[in-house]
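What the coordinates show
Listed below are the residues making up each chain.
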Amino acid sequence: MRTPIMAGNWKMNCDNDEAWELAVAIANEKGDVEGCEVVLCPPATALTTVLAAIEDTNISLGAQNIFWEESGAYTGELSGPMLLSCGCQHVIIGHSERRGRFGSADEDFTPELQQVFGDTDASVNRKLQAALSHGLVPIVCVGELLSERQEGQTDEVVSGQVTAALAGVEADDAESIILAYEPVWAIGTGEVCDAEEANRVCGLIRRTLAGCVGEGTAEQIRILYGGSVKSANVVSLMAQPEIDGGLVGGASLQAESFCELIAAAAASK
Ligand code: PEP
């Protein structure tokens, strides 16, 4: 059985005081949670603050990005050893916002934004390999734009992203990887993907993983759904056999709503 995960992506929110307050509130409520792994991914500036707040709890710390080199002239980047030294166990890789694929309107996905944020299938693969080599658990995001869905390209886009992300990864190293299916049009928009459809795409991701690292390993890998998860839809999403948890943005910024999601995930399997 795959243990469910609820991961909170705080994105570029929370200064250190706010991060402390939010993490302490979640830790007080769910610090001893069982039956669900909980990961908090604050901005890099708040990693050590959140680490202090979740000390001696069952909650883990994650970063929102990683660079593949260990050190050097890469202004603004953070390496695997740096994330480990802040207490990170997980790292989000290839979030659609980092790939320059913004959700509310496809025209937001301009070449200029792609240049600013810059993640591509190739850089996602390098970041994934770097995370694994440092013993960090990668949470790899994949998902289609609204225009790609409307043109019937969802399966091709998603399976292509999964295959590219896992290129060159050995089956033995792949078990710890977490995938997150995040349809770009559902992120931060309030528009959730229908639970059965999310389950179908997560099933496609698992079959694609099986082609990359074998069926046995693919069965172990957790696949999360992300995109406007909230208390009103979490139960139907978590009831789906291929969905092993959630990657949550907006609803992870309030302790009460995030704790409700954790409770639903813990009760689901
Ligand atoms: C996310 O940031 O990965 C996300 C899914 O955001 P939201 O829950 O706000 O849609």
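Described below are features of the structure shown in this document. Small disclaimer: the values here were computed from a predicted structure and weren't measured. (Residues numbered from 1 in each chain as written. Predicted model: local features only at pLDDT ≥ 70, side-chain atom pairs only at ≥ 80, totals over all residues. Heavy atoms only, no water.)

1. Details of the packing of helix 11 (residues 231–238) against helix 12 (residues 255–266)
For clarity, the cut-off: Throughout, an axis means a line fitted to C-alpha atoms (over the contacting stretch in the case of helices), and angles, computed between N-to-C directions, take values from 0 to 180 degrees. In this text, helices come from DSSP runs of H or I with a minimum length of four residues, and strands from runs of E with a minimum of two, each type numbered from the N-terminal end. To sort the angles, those under 35 degrees are grouped as roughly parallel, those over 145 as roughly antiparallel, those from 65 to 115 as roughly perpendicular, and the leftovers as oblique. The handedness criterion is simple: a crossing whose near helix is rotated anticlockwise from the far helix by less than a right angle is left-handed, and one whose near helix is rotated clockwise is right-handed. Contacts between residues were defined by any pair of non-hydrogen atoms, one from each residue, lying within 4.5 Å. Polar here means any residue other than Ala, Val, Leu, Ile, Met, Phe, Trp, Tyr, Cys and Pro, which are nonpolar, and Asp, Glu, Lys and Arg, which are charged; Gly is therefore polar.
Contact pair helix 11 / helix 12: the axes reach a minimum separation of 9 Å and the direction vectors enclose 20°. Between helix 11 and helix 12, the angle is such that the two are roughly parallel. Between helix 11 and helix 12 lies a crossing of right-handed hand. Within the contact between the two elements, helix 11 uses Ser231, Val234, Val235 and Met238 and helix 12 uses Glu260, Leu261, Ala264 and Ala265. Counted by class, the contact of helix 11 with helix 12 contains six nonpolar, one polar and one charged residues.

2. With respect to the layout of surface pockets
What counts is decided by this rule: For each structure, a 1 Å grid was placed over the protein atoms alone; sets of points admitting a 1.4 Å probe that cannot get out are labelled cavities, open sets with protein on both sides within 12 Å along at least five of seven lines are labelled pockets, and lining residues have an atom within 4 Å of a point. Grid points are joined across faces, edges and corners, and a volume is the space filled by probe spheres set on the points.
Taken as a whole, the largest pocket holds about 570 Å³ of empty space. Lining the largest pocket are 19 residues, with Lys11, Met12, Gln64, Asn65 and Arg98 sitting closest to its centre. For the lining of the largest pocket, the residue count by class is nine nonpolar, six polar and four charged. Lining the second largest pocket are 17 residues; nearest its centre among them are Gly188, Ser228, Val229, Gly249 and Gly250. In terms of residue class, the lining of the second largest pocket is made up of five nonpolar, nine polar and three charged.

3. Digging into the site of the ligand
Our working definition: We define proximity as follows: a residue is near a molecule or strand when any one of its heavy atoms falls within 4 Å of that partner. The term polar contact refers here to a pair of N or O atoms within 3.5 Å; inside protein, the definition further demands a hydrogen-donor-capable atom paired with an acceptor-capable atom, and it admits residues adjacent in sequence only when both atoms are side-chain atoms. A molecule is counted as occupying a cavity or pocket when more than half of its atoms fall within 2 Å of that pocket's grid points.
The ligand sits among 14 residues. The nearest are Lys11, Glu182, Gly188, Ser228 and Gly249. Within the side chain of His95, an N or O atom sits 2.9 Å from an oxygen atom of the ligand. More than half of the atoms of the ligand fall within 2 Å of the grid points belonging to the second largest pocket. Of the residues belonging to the shell around the ligand, the class tally is four nonpolar, eight polar and two charged.

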